[in-house]
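# Structure assessment
Here is what each chain is made of, one letter per residue.
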Amino acid sequence: MTITDVRVKIIEHSAERLLAFCSITIDGVFVVRDMKLIAGPSGPFVAMPSRKLCAHCRSCGHKNPFKASFCNQCGVQLPEGAPPRDGDGRLRYYADIAHPINAACREAIQHRVVQEYEAELIRAREPGYVSRYDAIGDEEHRMRR
Ligand SMILES: [Zn+2]
């Protein structure tokens, strides 16, 4: 696997430890967006794109995140849901949409993303700097032609 492009959107003054949003292109043909670079205790790490795990409302059938207290559709109070547990027995409120299946791949992605984040910090000091992260739609337009 070759990461042929990395796009970074630096998040300044984040209340959380979010440093940047990023996307990677694999082998020039597959893009994964909505990855996050997060400041961890032992350096920045990449969080994979994820979705909130949901449960159906018993009243109207609407899907609500497990942490919701009230249904987003009908407003009924929701019973305390128990989300599934991971292999270590911890409750899972999120599930990865795309993720590496081994440590070597995770390391490779993380290394590239951190490298690009650091380069982006330098580029961001230039006048007229624009992040390429939001311009990724260009590729989608090209593909539809
Ligand atoms: Zn409902």
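Predicted model only: the values in this text are computed from it and were never measured.

## Focus: the overall build of the chain
Along the chain, the regular secondary structure elements total 2 helices and 8 strands. Ordered by position from N to C terminus, the α and β elements of the chain give β-β-β-β-β-β-β-β-α-α. For 145 residues, the compact-globule estimate of 2.2 N^0.38 gives 15 Å, and the chain exceeds it by more than 25% at 19 Å. For the chain, the C-alpha atoms occupy an extent of roughly 55 × 40 × 35 Å along the three principal directions. Burial statistics for the chain: of 145 residues in total, 28% are counted as buried. Counting contacts in the chain only where the partners sit at least 6 residues apart, residues at least 24 apart contribute 40% of the total. For the chain, the accessible area works out to roughly 10,200 Å², and carbon and sulfur atoms hold 51% of it. If you average the places of the 21 positive and of the 18 negative side-chain charges in the chain, the two averages end up 6 Å apart.

## Details of the coordination of the zinc ion
Looking at the metal site, the zinc ion is ligated by Cys-57 (SG), Cys-60 (SG), Cys-71 (SG) and Cys-74 (SG), spaced 2.3 to 2.4 Å from it. Taken together, the 4 donor atoms coordinating the zinc ion and their angles of 103 to 113° define a geometry best described as tetrahedral. Between consecutive donors of the zinc ion, the numbers of intervening residues give the motif C-x2-C-x10-C-x2-C. In this pair, Cys-60 is assigned in the loop between β6 (54-56) and β7 (63-65) and Cys-71 in the loop between β7 and β8 (94-96), connecting sequence segments 11 residues apart. Accessibility expressed as a relative area gives 38% for Cys-60, which makes it partly exposed.

## Some points on the sheet that holds strand β4 (residues 43-47)
Strand order in the open sheet formed by 4 strands is β1-β2-β3-β4, with antiparallel pairing between adjacent strands. Two strands bound the open sheet, and with one partner strand each, they are β1 (3-10) and β4. Direction aside, neighbouring strands of the sheet carry axes that sit 30° apart on average. Where strand β2 (residues 18-26) lies against strand β3 (residues 30-40), 7 bridges are found, and the strand directions are antiparallel.

## Let's talk about the nonpolar core
Residues Val-8, Ile-24, Met-35, Leu-37, Ile-109 and Val-113 are the most contacted members of the largest nonpolar core, which totals 17 residues. For Met-35, the residues in contact, after removing those within four places along its chain, are Ala-20, Phe-21, Cys-22, Ile-24, Val-46, Ala-47, Met-48, Pro-49, Ile-109 and Val-113.

## Structural notes on the pattern of salt bridges
Within this structure, the stated rule accounts for 8 salt bridges. The partner of Arg-132 in a salt bridge is Asp-5, with the nearest N and O atoms 2.8 Å apart. Taken together, the residues span a long stretch of sequence, with Arg-132 in the loop between α1 (103-123) and α2 (137-144) and Asp-5 in strand β1 at a distance of 127 residues. Note on Asp-5: relative accessible area 16%, which makes it buried. The salt bridge involving Asp-134 is made with Lys-9; its shortest N-O contact spans 3.1 Å. In this pair, Asp-134 sits in the loop between α1 and α2 while Lys-9 sits in strand β1, placing the two residues 125 residues apart along the sequence. Judged by its relative accessible area of 28%, Lys-9 is partly exposed. Linked through salt bridges whose partners overlap, the residues forming this network are Arg-112, Glu-116, Glu-120 and Arg-123.

Calculation criteria
- Residues numbered from 1 in each chain as written.
- Predicted model: local features only at pLDDT ≥ 70, side-chain atom pairs only at ≥ 80, totals over all residues.
- Heavy atoms only, no water.
- Helix = DSSP H or I, 4+ residues; strand = E, 2+ residues; numbered from the N terminus.
- Rg over C-alpha atoms; globule rule 2.2 N^0.38 Å.
- Buried < 20%, exposed > 50% of the residue type's maximum accessible area, 1.4 Å probe, protein only.
- Contact = heavy atoms within 4.5 Å.
- Areas by Shrake-Rupley, 256 points an atom, 1.4 Å probe, with all protein chains shown as cover.
- Lys, Arg positive; Asp, Glu negative; His and termini not counted.
- Charge placed at Lys NZ, Arg CZ, Asp CG, Glu CD.
- Donors = N, O, S within 2.8 Å, 3.2 Å for Na, K, Ca; no water.
- Tetrahedral: all angles 85-135°; square planar, octahedral: opposite > 155°, others 65-115°.
- Pairing = 2+ DSSP bridges.
- Axes fitted to C-alpha atoms, helices over the stretch in contact; angles between N-to-C directions.
- Core = buried A, V, L, I, M, F, W, Y, C linked by side-chain atoms within 4.5 Å.
- Salt bridge = Lys/Arg side-chain N within 4 Å of Asp/Glu carboxyl O.

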